[in-house]
Amino acid sequence: MNSSSWALILDSFTKMMDFFLAKATSNDALYKPVLECLETLRYIVSENQRKCSVSDDIQLVNFLLRIIARSHMDLISFYRPSGNQKSAIEMGKKLPRYGSLWEVQTASFTMLGEVYSRTGASFPVDIWRSTIQVLRKMMDLLASKNLVVEDIVMSRFYASLLHCLHLVLMDPKGSISEHVSGFVASLRMFFIYGLTGGSQLMSAAVGCKEKEPGSLSLKFTSEETKRTNNTPYRPPHLRKRDGLTTRQAKAQDPQSAADYDSSMVDVTSSDSDYSDNDGSLKDINSSRCSKVRVSAIVCVQDLCQADPKSFTTQWTMLLPTNDVLQPRKFEATLMATLLFDPYLKARMASASALAVMMDGPATVFLQVAEYKESTKCGSFMALSSSLGQILMQLHTGTLYLIHHETNSRLLVLVFKILMLLISCTPYSRMPRELLPRVILSLQARIEAGFPFKSDQTGLKVAAISSLTAALSVSPSIQVKDMILEEASAGFVEADKKSGVLFTLLKHSERVNNPTICFEALQALRAVSHNYPDLMLVSWGQISAIVHKFLRRETWKEQAGNTVVFVGEKMVTAAIKVLDECLRAISGFRGTEDLSDGKFLDTPFTSDCIRTKKVSSAPSYGPQSLDDTKEERNTCPSGIEQWAETIEKHMPLILWHTSAMVRTASVTCFAGITSSVFFTLTKEKQDFVVSSLISAAMHDKVPSVRSAACRAIGVISCFQKTSDSADILGKFIHAVEINTRDPVVSVRIPASWALANICDSFRHFVDDFPLKQLTDSDTNSQLMELLTECALHLTKDGDKIKSNAVRALGNLARFVRYTSLSCVHNKPVANTGFSSTCNNVTMFPARSNLEAFDGGAINSSYPASLKDLDWLERMVQAFISCVTTGNVKVQWNVCHALSNLFLNKTIQLQHMDWAPSVFGILLLLLRDSSNFKIRIQAAAALAVPASALDYGKSFPDIVQGLEHVMENLGLDQISVPSNFKYRIALEKQLTATILHVLSLASATDHQPLKDFLVKKASFLEDWFMMLCSSLGKTTAQPEIESDSLGNQKKEMISKAIQSLIEVYEGKNQHTISQKFKKLHSSIILIS
């Protein structure tokens, strides 16, 4: 059959069906030929489907959509509302008269679904949209007319309709946001389909198997009278014969023709359909109804997956807000189905839909949820309150199922729901006892175990994983107090050992079941990270467990002779627990910052400096000064624990045969603190340093070298490391080698360590006054090594480039020019250097320093580099990186330029590259889409101390800053993350403008003064706004707030005084008087 013959066939069938459908409205019997036409067409399609092209299937879809639309019009006319509105039950009695019409729809939707399952992925968008429109109209009709009737014909129609909708929604080819609410409203009607009859009550499947006598169940209360059938028992074959006789009798009655046709579908059923095992026809109908409920829930899941953002508005329609465990009849929510539907497949489908709903955008939009008592919400409930109520009911229902559900497959889904629910819930806005309740409930379920022999391990793993998720959310004071109380009581009294921590410790020792053991270790790690205060109490148990893993990799269980092998995965997990525990006890809060960051510390920006959260550091939470002092007195800051680890654990793992284990062991050193490291004995310090140097230089596995470089970078940031030339020198050598490693994952931490070393090296040479100049060959070699290494890395990838730029910025800050004649000489062409500026020196270091690699770092020296154009190469690298690098590279370039400007021996006004550098900073400040870059660019522009330092760029800088401030309110925030930096940018820009305006009177540049006169009106309004903000209270302590206020007044006063001088010099006395009044008003502000 070719395309032309197929088109001819469809055209013929279209004409025939139009003929019959036009007359069927007056004669129901004419629907039968329509059905026969559809069956014939379906047979032709099934016989030739392999030969059908996509275009043939598109023609078939258009044909079916036309039939559905035509019969849809008939349905509207049949059920047109009259003056006497009938109830749903009365309407249901009317439906069998039009049974054949529903069968036409059933056959049409069945064929449409088959086409979509076969070639729907290749259909164009317009065909898909037409199908969605037809389905939407049909669903709206069912909802508006309440056409939900429980009989065989209608259940078949609903099943075909919903299955077709499922197949169409599975592969969305366009937006369905406008249809989501309509589909959800219609689909909810089918959640209770088949459960509304008086003879069938919706019973809870919680804790029971389907049709299992004597099982635990919850049943809905019904006020309807239960009917019982007391007829004698008849075998299945006689029941079928009776059914046939009844149907034949009805067929002879013309008024029952439609009923006869409707029931013909079941005549061909086998005896097994009516067997004693399956029960009566009523049970079969219940099974059909359950399939409809499942199909409706599956369609809800499809809608959520097709448009998760729009679907979030339907949460209040699909989920309960109160009394989730109270069995209420006919409640159409997913949780009611999960808890009370008598069929397992419906509960499974509901659980799957809930899991999909809580994944994706729900994680974000649920953060607005806030729980309030229902009595406090009033008649109107805000969305945040509704979501809070929903989350509470989801917790209640899910935790109930965890303890009472006995079907293992469903229980796995319930644990998945709980994990997603935990990740979505803002527990800080919920009742304080909710999170402890979740944790205790899971701990009790883990202790109780599971009765399923086939899946005990899987369910226990799921339970422990859920517990890990609960322990990983934002720390709760209630959880901390609860676990601390349990641990203190349990570890003291052996006969009362119980609680969350003890449960995890017990399961982490179950080496005979590696999966459970591994998950328990993961949970312990979460406790260490989120509740570090608990680790000192349990250090002894954790250390013993870890040592048991490390002591030997195989041993015999005490209960038998089974040899248990501990793999590298288990050992690594144990080491990571040890690492997190050491960080928690020693108070590790991230890398120690050596940079003073003075260019960001201004009175206007001091309250905008954000504390950077380090993911590798434990979550200590807010603490008062008294609590901190008390902890310092009671806790030895991890010194004893680190000493024990170095003596007891490290020798067993640092040279382990597994690279994974060696990586985890070296990573432990990246969590050591300076207070611990320099309190250790010299022998242990040397052990740490030598272990890191050996791993960085000699290990053949990249991951180990990478971890070693990371740890070196951490220790390099210690303030006292700059006092030790020996440690610093060895680190430089090891890191420089790894910056040339062919593996990117090694070069990234190596470049990070290099930048930290350069910062530490600045303190090494910058903390002491200049003494006698002696031989400095070794020092020059180190400087050249660091500089060339960093310059080389600026040509690498962005992650490495950003660290290289930071390293160059640290170097540029402390290298000194000793010739003072630079100020009086013009720059040399193409270099930017004065003809006499050929001597580069550094401030000296300490005297009597130890040797490094055969050389000695002298106490003071001039470091004359062989290549005297190093500064220009640095600046060229900055310019190259800012134009080719990502946002992190650009931010680091701004930071590096700030360091460069802080070098007082570089006369910026004589450098030919200075205008380009200032121009780049202005460009970033004006045009960058990243507010953090703009903040850093504004901070860099505020570093030069005088107008002379800005050189010829000063007028452009003043005008550029004024333009940015004037248009700041017009900036469109395209990236949501920029909102939290908007205020910080405004304050930093304010500080920078005040700084440059205070220098404006020192310049003789007349165009700049004319510009300031032109902008006098804007500047007056801006200063008035600043003055009015001085009196506002802040969150700072009173003394600190007064000090900041005085500093702000001083900065504003200097800028205004400078402008007054400018305006008086330009004979603008009227403007000058206005600014004098502003200056006077500052003094009066308290």
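(A) Examining the overall build of the chain more closely. When helices and strands are tallied, the chain shows 47 helices and six strands. Pairs at least 24 residues apart make up 76% of the contacts formed inside the chain by residues separated by at least 6 positions. Here the chain displays about 49200 Å² of accessible surface, and carbon together with sulfur accounts for 53% of that area.

(B) Representation of the pattern of salt bridges within the structure. Tallied over the entire structure, the rule returns 24 salt bridges. Here R429 and E370 are joined by a salt bridge, their closest N and O atoms 3.6 Å apart. You can see R429 sitting in the loop between α19 (408–424) and α20 (434–448) and its partner E370 sitting in the loop between α16 (362–365) and α17 (374–377), a full 59 residues away along the chain. Take R429: its relative accessible area is 33%, and that puts it in the partly exposed class.

(C) Region of interest: the nonpolar core. Among the nonpolar cores identified, the biggest contains 310 residues, and W315, L1012 and F1023 are the most heavily contacted of them. Apart from the residues lying within four places of it in its own chain, the contact partners of F1023 are L994, L997, I1052, A1055, I1056, L1059, F1075 and L1078.

(D) Expanded view of the confidence of the model for the chain. With 73% of its residues at a pLDDT of 70 or more, the chain shows a mean pLDDT of 78. Low pLDDT, under 50, characterises residues 82–97; the stretch is placed with 16 contacts to residues that sit more than four places away or in other chains. Note on residues 623–636: pLDDT is under 50 here. Beyond four places in sequence and across chains, it has eight contacts.

(E) Geometry of unusual backbone geometry. You will see that D323, though not glycine, has its phi angle at about 45°, which is positive. Assignment of secondary structure puts D323 in the loop between α13 (315–318) and α14 (334–340). Overall, the relative accessible area of 46% leaves D323 in the partly exposed class. Within the chain, N1067 stands out as a residue other than glycine whose phi angle is a positive 60°. Residue N1067 is classed as exposed on the basis of its relative accessible area, which comes to 57%.

(F) Here's a closer look at the packing of aromatic side chains. Under the definition given, this model contains 20 aromatic pairs. Between Y116 and F123, the aromatic rings sit 5.0 Å apart at their centres with planes inclined by 85°, giving edge-to-face as the arrangement. Residue classification places Y116 among the buried positions, given a relative accessible area of 7%. Pairing W1022 with F1023 gives two aromatic rings, centres 5.1 Å apart and planes at 70°, and the pair type is edge-to-face. Accessibility expressed as a relative area gives 5% for W1022, which makes it buried. Aromatic ring contacts, followed pair by pair, group W102, F109, F157, Y158, F190 and Y193 into a single cluster.

(G) Just empty space enclosed by the protein, in detail. With the rule as written, the count across this model stands at four cavities of 30 Å³ or more. V958, E962, I993, V996, L997, F1011, L1012, F1018, L1019 and W1022 together form the lining of the largest cavity. Sorting the residues of the lining of the largest cavity by element identifies α42 (954–966), α43 (982–998), α44 (1006–1014) and α45 (1016–1030) as the ones contributing at least two each.

(H) Summary view of the packing of helix α23 (residues 500–508) against helix α24 (residues 514–530). The contact between α23 and α24 brings their axes to 8 Å, and the two run at 140°. Compared by their axis directions, α23 and α24 come out oblique. Considering how the two elements wind past one another, α23 and α24 form a crossing that is left-handed. Contact with α23, carried on its side by L501, L504, L505, H507 and S508, involves I516, C517, A520, L521, A523, L524 and V527 of α24 and no other residues of that element. Looking at side-chain class alone, the contact of α23 with α24 contains ten nonpolar, two polar and no charged residues.

(I) Broad picture of the environment of E784. With respect to the element layout, E784 can be found in helix α35 (residues 777–793). For the pair E784 and W870, spaced 86 residues apart in sequence, the C-alpha separation works out to 9.2 Å.

(J) Just the state of the cysteines, in detail. If you walk through the whole model with that rule in mind, you get zero disulfides. This cysteine, C164, is not joined by any disulfide, and C299 carries the nearest cysteine sulfur, 9.3 Å off. For C164, a relative accessible area of 0% gives the class buried.

(K) Broad picture of the side chain of N530. Examined against the element boundaries, N530 turns out to sit in helix α24. There is a polar contact of 2.9 Å between the side chain of N530 and the backbone oxygen of L471. Once residues lying within four places of it in the same chain are set aside, the contact partners of N530 are L471, S472, V473, P475 and S619.

(L) Quick look at α43. For α43, which comprises 17 residues, the first-to-last C-alpha distance of 24 Å matches the rise-based estimate of 24 Å (1.5 Å per residue) to within 8%. Counting buried positions along α43 gives twelve out of 17 residues, so the element sits mostly inside the fold. Every buried residue of α43 is listed here: A984, L985, Q988, L989, T990, A991, T992, I993, L994, H995, V996 and L997.

(M) Quick peek at the packing of α42 against α43. For the pair α42 and α43, interaxial distance at closest approach is 10 Å and the crossing angle is 145°. In this structure, α42 meets α43 at a crossing whose hand is left-handed. When α42 is examined against α43, the residues F954, I957, V958, L961, V964 and M965 are found in contact with a partner set consisting of E986, L989, T990, T992, I993, V996 and L997.

(N) Structural view of helix α28 (residues 639–653). Here α28 contains 15 residues, and its C-alpha end-to-end distance of 20 Å stays within 8% of the 21 Å for a straight helix at 1.5 Å per residue. Along α28, the sharpest kink reaches roughly 40°, centred on I646. Among all positions in α28, only Q641, W642, A643, T645, I646, H649, M650 and I653 are buried. Summarising the contacts, the buried residues of α28 are in contact with α25 (535–551), α26 (568–586), α29 (659–668), α30 (674–677) and α31 (682–698).

(O) Structural detail: the environment of K888. Note on placement: K888 falls in helix α38 (residues 887–901). Classification of K888 by relative accessible area gives exposed; the value is 52%. Each C-alpha atom, one on K888 and one on I933, is 8.3 Å from the other, the two residues being 45 residues apart in sequence.

(P) Region of the structure containing the environment of S1029. Along the chain, S1029 turns up in helix α45. Residue class for S1029 comes out partly exposed when judged on its relative accessible area of 30%. Among the polar contacts listed, one links the side chain of S1029 to the backbone oxygen of L1026, at a separation of 2.6 Å.

Each value, and the rule that gives it
Residues numbered from 1 in each chain as written. Predicted model: local features only at pLDDT ≥ 70, side-chain atom pairs only at ≥ 80, totals over all residues. Heavy atoms only, no water. Helix = DSSP H or I, 4+ residues; strand = E, 2+ residues; numbered from the N terminus. Contact = heavy atoms within 4.5 Å. Areas by Shrake-Rupley, 256 points an atom, 1.4 Å probe, with all protein chains shown as cover. Salt bridge = Lys/Arg side-chain N within 4 Å of Asp/Glu carboxyl O. Buried < 20%, exposed > 50% of the residue type's maximum accessible area, 1.4 Å probe, protein only. Core = buried A, V, L, I, M, F, W, Y, C linked by side-chain atoms within 4.5 Å. pLDDT = per-residue confidence, 0-100. Phe/Tyr/Trp six-rings, centres within 6.5 Å; stacked < 30°, edge-to-face > 60°. 1 Å grid on protein atoms, 1.4 Å probe; cavity = no way out; pocket = protein on both sides within 12 Å on 5 of 7 lines; lining within 4 Å. Points joined across faces, edges and corners; volume = space filled by probe spheres on them. Axes fitted to C-alpha atoms, helices over the stretch in contact; angles between N-to-C directions. Parallel < 35°, antiparallel > 145°, perpendicular 65-115°, else oblique. Left-handed = near helix turned anticlockwise from the far one by under 90°. Nonpolar A, V, L, I, M, F, W, Y, C, P; charged D, E, K, R; others polar. Disulfide = S-S within 2.5 Å. Polar contact = N/O pair within 3.5 Å; in protein donor to acceptor, adjacent residues only side chain to side chain. Expected span 1.5 Å × (residues − 1). Bend = angle between axes of the 7 residues up to and from the residue.

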